[in-house]
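# Fold and geometry: a report
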Amino acid sequence: MTYRESLTALSDPTRRRVFESIARKPSSVSEIAQGLPVSRPAVSQHLKVLSDAGLVEVRAEGTRRIYSVRAAGIADLRAYLDQFWDDVMAGFAAEVQNTEGQRHD
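The numbering scheme is per chain: residues are counted from 1 as the chain's sequence reads. The predicted nature of this model means local features are confined to residues of pLDDT at least 70 and side-chain atom pairs, given and counted, to a pLDDT of 80 or more, with totals for whole chains, interfaces and linings taken over all residues. Side-chain numbers come from the whole structure's heavy atoms, not from hydrogens or water.

Moving on, we get to the overall build of the protein chain. Strands here are runs of E lasting at least two residues and helices are runs of H or I lasting at least four, both read from the DSSP assignment and numbered beginning at the N terminus. Across its full length, the protein chain holds five helices and two strands. Secondary structure elements of the protein chain occur, N-terminal to C-terminal, as α-α-α-α-β-β-α. For this measure, only C-alpha atoms enter the radius of gyration; the expected value for a globule follows 2.2 Å times N^0.38, where N is the number of residues. Relative to a compact globule of 105 residues, whose C-alpha radius of gyration would be 13 Å, the protein chain shows 20 Å and is clearly more extended. Projecting the C-alpha coordinates of the protein chain onto the three principal axes gives extents of approximately 70 × 25 × 20 Å. Burial here depends on accessible area, computed with a 1.4 Å probe over protein chains only, as a share of the maximum for the residue type. Under 20% is buried, over 50% is exposed, and the range in between is partly exposed. The buried share of the protein chain, taken over its 105 residues, is 28%. Any two residues whose heavy atoms approach within 4.5 Å are treated as being in contact. Considering only residue pairs separated by 6 or more positions, the protein chain has 54% of its internal contacts joining residues 24 or more positions apart. Note on charges: Lys and Arg go in the positive column, Asp and Glu in the negative column, and His and the chain ends are not counted at all. In this description, the location of a charge corresponds to atom NZ of lysine, CZ of arginine, CG of aspartate or CD of glutamate. Treating the 14 positive side-chain charges of the protein chain as one cloud and the 14 negative ones as another, the clouds have centres 13 Å apart.

This is how it looks when you write it as structure tokens:
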């Protein structure tokens, strides 16, 4: 998956809350739904979108399915965002050098 799918998946506020919930603690659909104003079927639909975007993974634990954050999916999204951070920091460093150079002139 690419960062585009991740950003699209996380653009929905409820879906972001589902994601944030399992980022704090891997959980079942029922556990996630307890903290949200949506039904279990709605949570399941949000989890499907997050899973398709590569942001969450699921494992069987007896008869329950436990959802957790997929580290590789986060890494892809972070790599995308880091490029902007690197550009911002390079611009900041250039501005500091420019300002320092003007003081010494």
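Moving on from the coordinates now.
Geometry of aromatic contacts follows a simple scheme: Phe, Tyr and Trp rings, the Trp one being its six-membered ring, pair when their centres are within 6.5 Å, and the pair is stacked under 30 degrees between planes, edge-to-face over 60, tilted otherwise. With the rule as written, the count across this model stands at two aromatic pairs. With a centroid separation of 3.6 Å and 5 degrees between ring planes, the pair formed by Tyr 3 and Tyr 80 is classed as stacked. Highlighted residues: Tyr 3 in helix α1 (residues 3-10) and Tyr 80 in helix α5 (residues 71-104), separated in sequence by 77 residues. The exposure class assigned to Tyr 80 is buried, which follows from its relative accessible area of 19%. Residues Tyr 80 and Phe 84 carry aromatic rings whose centres are separated by 5.1 Å and whose planes lie at 85 degrees to one another, so their mutual orientation is edge-to-face. Of this pair, Tyr 80 and Phe 84 both sit in helix α5, four residues apart, roughly one helical turn. Through a chain of ring-to-ring contacts, the aromatic side chains of Tyr 3, Tyr 80 and Phe 84 assemble into a single cluster.

Within α1, burial applies to Ser 6, Ala 9 and Leu 10. Along α1, the residues classed as buried sweep out an arc of 90 degrees about the axis, all on the same side. For α1, the exposed residues set more than 90 degrees away from the buried face come down to Arg 4 and Thr 8. Think of it as the arc spanned by the lines of direction from the helix axis to the C-beta atoms.

Here the focus is the pattern of salt bridges. We define a salt bridge as a side-chain nitrogen of Lys or Arg found within 4 Å of a carboxyl oxygen belonging to Asp or Glu. Under the criterion given, the structure shown has five salt bridges. Among the salt bridges present, the one from Arg 59 reaches Glu 61, with a minimum N-O distance of 3.2 Å. For Arg 59, a relative accessible area of 41% corresponds to the partly exposed category. Between Arg 64 and Glu 61 there is a salt bridge, with the nearest N and O atoms lying 3.6 Å from each other. Taking the relative accessible area as the measure of exposure, Glu 61 reaches 38% and is therefore partly exposed.

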